[in-house]
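One-letter residues, chain by chain:
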2 protein chains.
Amino acid sequence: MRVAELSRRSGVSVASIKYYLREGLLPPGELTSPNQAHYDEEHLRRLRLVRALLDVGGLTVAGARDVLATVDDEQVDLHVALGTAQDAVMASVQPVEDDASVRAEKVVADLVARRGWRVSENNAGRRAAVDVLATLDRLGGDQVVGLLDVYAEAMEAVGDREVAAVVDRDEREGSVERVVVGIVLGGALIAALRGMAQESASARRVGPSGER
Amino acid sequence: MRVAELSRRSGVSVASIKYYLREGLLPPGELTSPNQAHYDEEHLRRLRLVRALLDVGGLTVAGARDVLATVDDEQVDLHVALGTAQDAVMASVQPVEDDASVRAEKVVADLVARRGWRVSENNAGRRAAVDVLATLDRLGGDQVVGLLDVYAEAMEAVGDREVAAVVDRDEREGSVERVVVGIVLGGALIAALRGMAQESASARRVGPSGER
């Protein structure tokens, strides 16, 4: 199909398709003449994946490019794929070395010890947790600190079941894309369910007048 | 202080500060001459909040503008503030009406009924959950569907404790910013802890060789 049909079938504008081609998110079509390219079903599928990562997963273009390179790499190890997907979904901040970051590192190290987690120093989530807590400290806030163990306990259950679902399946074929998409869209789903649960808890605690 | 000092003390480039001024994220300084403005401690604090929302919370500029307008509105109701913060942290997607979205709406409605949640049809999280599930359906994946109740149970505990923390505090003064920042940074912290818990579960299940 030509780019116009690819646009019609995917619902993605031609301008966006050309942008994704330039950014290397979408592989080039087959040239049928010097200024006309032909796209196939694989392009359509890839375009849907690109939009899922960007729009629903909230990844940056650079993050999506890294994730897609991992999906395309047939030699990639599942742990590396997991790490790449985690890097892409975490907000990456230029680390600042100050009192707040030192305190935040201590809070996170204590949490890891308290829960008996096996987490390396360079885990993307660990770095992101330090950034969040240091940022909050710099803003003079503490509202998330009291919920740290509530969050950790919830994510312990989630992480365990997520990893179990991947390990139990034990398939190599197609599993990298499966895992990566699960990490990215799972994160968006968790955020969505949190919003639903907050409204529900608010309605229950404050009563019917509390409904929005 | 002048913009150069504001930049030095905040670690934010002058170009970024000027961008935030143009976009209305940062209120203008006091003009001390036609082309020189004076900024105070309140600007420094606001700049830190802007960066927290954008870099750590992962909000878009438009999302941050909405959130900051809510924080600045002294008349705003806490429920409206909660809704604005939720809207900003959810990926917003142009809804598509197709078989996948109809199926996803049914899955979410069943989940809400099964868990006895009180969630309105226009809750930002509910719309986002439908988007995620419909997107996954269109990609031919189901990896997140089997974890839906695991995620929901985890977020039920989180949402309940988050709302309890706000209600128990029962303060009006400063509480809108407190709640909004808690929603945004809490979401980033949950994502970070998920990444840590995944690595820990992976190391435990696969053994030391599974560590990255």
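Model, not experiment: these values are computed from the prediction. (Residues numbered from 1 in each chain as written. Chains lettered and ligands numbered in written order. Predicted model: local features only at pLDDT ≥ 70, side-chain atom pairs only at ≥ 80, totals over all residues. Heavy atoms only, no water.)

S.K.: How would you explain the packing of helix 1 (residues 3-10) of chain B against helix 3 (residues 41-56) of chain B if you had to name every residue and give the values?
M.R.: All names here are of chain B. Taken N-terminus to C-terminus, the directions of helix 1 and helix 3 make an angle of 45°; their axes are 10 Å apart at the nearest point. Accordingly, the angle class assigned to the pair helix 1 and helix 3 is oblique. Regarding helix 1 and helix 3, the two cross each other, and that crossing is right-handed. Between helix 1, through Leu6, Arg9 and Ser10, and helix 3, the contact on the second element is made entirely by Glu41, His43, Leu44, Leu47 and Arg48. Partitioning the contact of helix 1 with helix 3 into residue classes produces 3 nonpolar, 2 polar and 3 charged. (Axes fitted to C-alpha atoms, helices over the stretch in contact; angles between N-to-C directions. Helix = DSSP H or I, 4+ residues; strand = E, 2+ residues; numbered from the N terminus. Parallel < 35°, antiparallel > 145°, perpendicular 65-115°, else oblique. Left-handed = near helix turned anticlockwise from the far one by under 90°. Contact = heavy atoms within 4.5 Å. Nonpolar A, V, L, I, M, F, W, Y, C, P; charged D, E, K, R; others polar.)

S.K.: Could you give an account of the pairing of strand 1 (residues 30-33) of chain A, with specific residues and numbers?
M.R.: All names here are of chain A. Direction of pairing for strand 1 relative to strand 2 (residues 36-38): antiparallel, over a ladder of 3 bridges. Residue glutamate 30 lies in a different strand from strand 2, and its bridge partner there is histidine 38. From the end of strand 1 to the start of strand 2, which pair antiparallel, there are 2 residues. (Pairing = 2+ DSSP bridges.)

S.K.: Mind laying out the nonpolar core, listing which residues take part and the relevant values?
M.R.: With 136 residues, the main nonpolar core has Leu193 of chain A together with Leu193 of chain B as its most contacted residues. Each residue touching leucine 193 of chain A, except ones within four places of it in the same chain, is listed here: Leu111, Trp117, Leu148, Tyr151, Ala152 and Met155 of chain B. (Core = buried A, V, L, I, M, F, W, Y, C linked by side-chain atoms within 4.5 Å. Buried < 20%, exposed > 50% of the residue type's maximum accessible area, 1.4 Å probe, protein only.)

S.K.: Pulling in residues and values, what's your account of the UniProt feature "domain: HTH merR-type" (unreviewed entry) in chain A?
M.R.: As recorded in UniProt, the sites labelled "domain: HTH merR-type" (unreviewed entry) are residues 1-70 of chain A. Note that residues 1-70 of chain A is 61% helix and 10% strand, and that its end C-alpha atoms are spaced 27 Å apart. (UniProt positions renumbered as here; feature names shortened; annotations may be inferred.)

S.K.: An account of the relation of the copies chain B and chain A is needed here, citing residue identities and associated values.
M.R.: The transform that puts chain B on chain A rotates by 180° and translates by 0.0 Å along the axis, for an RMSD of 0.0 Å. Taken together, the rotation angle and the small translation identify this as a two-fold axis. Judged by C-alpha distance, alanine 154 of chain B is the residue of chain B that lies nearest the rotation axis, at 2.4 Å. The overlap is high: 100% of the interface residues of chain B also sit at the interface in chain A, so the same surface is used on both sides. (Least-squares fit on C-alpha atoms with pLDDT ≥ 70 in both.)

S.K.: Run through the side chain of serine 101 of chain A, naming residues and quoting values.
M.R.: Topologically, serine 101 of chain A is positioned in helix 6 (residues 99-115). Once residues lying within four places of it in the same chain are set aside, the contact partners of serine 101 of chain A are Val96, Val130, Ala134 and Arg138 of chain A.

S.K.: Which residues make up the packing of aromatic side chains, and what values go with them?
M.R.: Residue and element names in this part refer to chain A. Applying the stated criterion across every chain, the model contains 2 aromatic pairs over all chains. Measuring from centroid to centroid gives 6.0 Å for tyrosine 19 and tyrosine 20, while their planes differ by 50°, and the two rings are tilted. Classification of tyrosine 20 by relative accessible area gives buried; the value is 6%. (Phe/Tyr/Trp six-rings, centres within 6.5 Å; stacked < 30°, edge-to-face > 60°.)

S.K.: Go over the interface of chain B and chain A, please, and point to the residues and values.
M.R.: With 83 residues of chain B in contact, the opposing surface of chain A contributes 83 residues. In total, about 7,700 Å² of surface goes out of reach between chain B and chain A, with carbon and sulfur atoms giving 67% of it. Applying the counting rule to chain B against chain A returns 6 salt bridges. For aspartate 142 of chain A, the salt bridge is made with arginine 178 of chain B, and the minimal N-O distance between the two is 3.1 Å. Summed over the shared surface of chain B and chain A, the number is 27 residue pairs in polar contact (both at pLDDT 80 or more). Going through the elements one at a time, helix 3, helix 5 (78-89), helix 6 (99-115), helix 7 (124-138), helix 8 (148-169) and helix 9 (175-206) of chain B are the ones with two or more residues in the side of chain B that touches chain A. (Buried area = accessible area lost by both parts, 1.4 Å probe. Salt bridge = Lys/Arg side-chain N within 4 Å of Asp/Glu carboxyl O. Polar contact = N/O pair within 3.5 Å; in protein donor to acceptor, adjacent residues only side chain to side chain.)

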